Amino acid sequence: MTAPLTHVTVLLEEAIEALAVKADGVYVDGTFGRGGHSRLLLSKLGPNGRLLAFDRDPQAIAAAGNIDDPRFTLFHAPFAEMGEVVRGAGYPAVDGVLLDVGVSSPQLDEAERGFSFRFDAPLDMRMDTSRGETAAEWLDRASEREITEVIRDYGEERFAFQIAKKVVAARRERRIATTGEFAALVREAVRTREPGQDAATRSFQALRIHINQELEQLALALPAAMGLLVPGGRLAVISFHSLEDRIVKRFMKAEANPDDLPKNLPLTAAQLPQPRLKIVGKPVKASAAEVAANPRSRSAVMRVAEKLAA
């Protein structure tokens, strides 16, 4: 087993500050990870406050075992299910929701998880290793067209078709079972790459996003969070690449400006759709000091919105 690097929580102080935490409030941390945000949030709560956290990763669930706090509850579930899970736990509404989306540092740094081409390991890539199809299993059955679409759409890779052809040809000889085998095929197919970036980077990102349905989960989680928030409650979302951030930006903009209707409709102001969210401040990025200390924070963007009264 590869020893994981120390996990550093991105935008730690900024995220908790964005939630405007009330001492007796109820909050959701949709991505517990190794608990950085959760621990700081708990420190802001009084005895009647509550924190409900989610994670798909069994290793994250295990890491939460050392939090002995009656105000804290962790659910082994994807954050897209927060609406039904939180209400089922007896909380009809919450005061804030934090989502820190994408892959976590421990997942990248542990070779056996299969997220990184830095190690030659089983090509797994599942965030929840207790269920679902591995990346190797999917590559073994997917059509050339499906592989092309995933790598093109989720990796924004212009050599997606060439990579898919390589994969389909290679698997006729034997199954592509390891990260090293997949990375080698990608590098053979990608003719040019940006300086300093490994040719396999985009394809690994694409495969990971697809296997874990990351964008679909995010698209479901945002309205679920919206439905849980009390008026004045805050939604803070940290994303790490443009595909995630685009979903968050469009959702918040649509909820803050819902009256994008054809002109000259015979409607009064009272009949127009009313905004349900107010965007709070500008997108927040990691400071130069944080990026220097933790280069993985470089691409982080946090967007914050507040729910308006009906």
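Refer to the structure above for everything that follows.
The model shown is predicted, which means the values in this text are computed figures rather than measured ones.

Rules and cut-offs
Residues numbered from 1 in each chain as written. Predicted model: local features only at pLDDT ≥ 70, side-chain atom pairs only at ≥ 80, totals over all residues. Heavy atoms only, no water. Salt bridge = Lys/Arg side-chain N within 4 Å of Asp/Glu carboxyl O. Helix = DSSP H or I, 4+ residues; strand = E, 2+ residues; numbered from the N terminus. Buried < 20%, exposed > 50% of the residue type's maximum accessible area, 1.4 Å probe, protein only. Pairing = 2+ DSSP bridges. Right-handed = clockwise from strand over helix to strand, strands pointing away. Expected span 1.5 Å × (residues − 1). Contact = heavy atoms within 4.5 Å. Phe/Tyr/Trp six-rings, centres within 6.5 Å; stacked < 30°, edge-to-face > 60°.

**So, the pattern of salt bridges**
As enumerated under the stated definition, the model contains 16 salt bridges in all. Between aspartate 198 and arginine 187 there is a salt bridge, and its shortest N-O distance comes to 3.1 Å. In this pair, aspartate 198 sits in the loop between helix H9 (179-189) and helix H10 (201-211) while arginine 187 sits in helix H9, placing the two residues eleven residues apart along the sequence. Taking the relative accessible area as the measure of exposure, arginine 187 reaches 37% and is therefore partly exposed. Arginine 234 is the salt-bridge partner of glutamate 306, the closest N and O atoms lying 2.8 Å from each other. Of the two residues, glutamate 306 sits in strand E8 (residues 301-307) while arginine 234 sits in strand E5 (residues 229-239), which places them 72 residues apart along the sequence. Look at glutamate 306 and you get buried, because its relative accessible area is 16%. Salt bridges here are not isolated pairs; linked through shared partners, they connect Arg234, Lys278 and Glu306.

**Things to note about unusual backbone geometry**
Phi is positive for leucine 11, close to 50°, though the residue is something other than glycine. Looking at the secondary structure, you find leucine 11 in the segment before helix H1 (12-18). Residue leucine 11 is classed as buried on the basis of its relative accessible area, which comes to 0%.

**A short note on the environment of glycine 88**
Structurally, glycine 88 can be placed in helix H4 (residues 82-88). Under the relative-accessibility criterion, glycine 88 is labelled exposed at 68%. Residues glycine 88 and arginine 50, spaced 38 residues apart in sequence, show a C-alpha to C-alpha distance of 15 Å.

**Here's the deal with the pairing of strand E2 (residues 50-55)**
The element E2 is extensively covered by neighbouring structure, given that five of its six residues are classed as buried. Of the strand pairs in this sheet, strand E1 (residues 26-29) and E2 are connected by four bridges, and their pairing is parallel. Residue pairing across strands places tyrosine 27 opposite leucine 51, the latter belonging to E2. Between the parallel pair E1 and E2, the chain is carried across by helix H2 (residues 36-44), and the sense of this crossover is right-handed. Relative to strand E3 (residues 72-76), E2 is paired through five bridges, and the arrangement is parallel.

**Let's talk about helix H7 (residues 144-155)**
With twelve residues, H7 extends 16 Å from end C-alpha to end C-alpha; this agrees with the ideal 16 Å at 1.5 Å per step. Residues of H7 that are buried: Ile147, Thr148, Val150, Ile151, Tyr154 and Gly155. Looking at the packing, one finds that the buried side of H7 touches helix H6 (135-141), helix H8 (160-171), H10, helix H11 (214-228) and helix H12 (242-256).

**What about the packing of aromatic side chains?**
Scanning the model with the defined rule gives four aromatic pairs in all. Ring centres of phenylalanine 32 and phenylalanine 72 lie 5.7 Å apart, and the angle between their planes is 45°; this geometry places the pair in the tilted category. With phenylalanine 32 in the loop between E1 and H2 and phenylalanine 72 in strand E3, this pair connects stretches of sequence that are 40 residues apart. The buried category is assigned to phenylalanine 72, whose relative accessible area is 10%. With 5.4 Å between their ring centres and 45° between their planes, phenylalanine 182 and phenylalanine 204 make a pair best called tilted.

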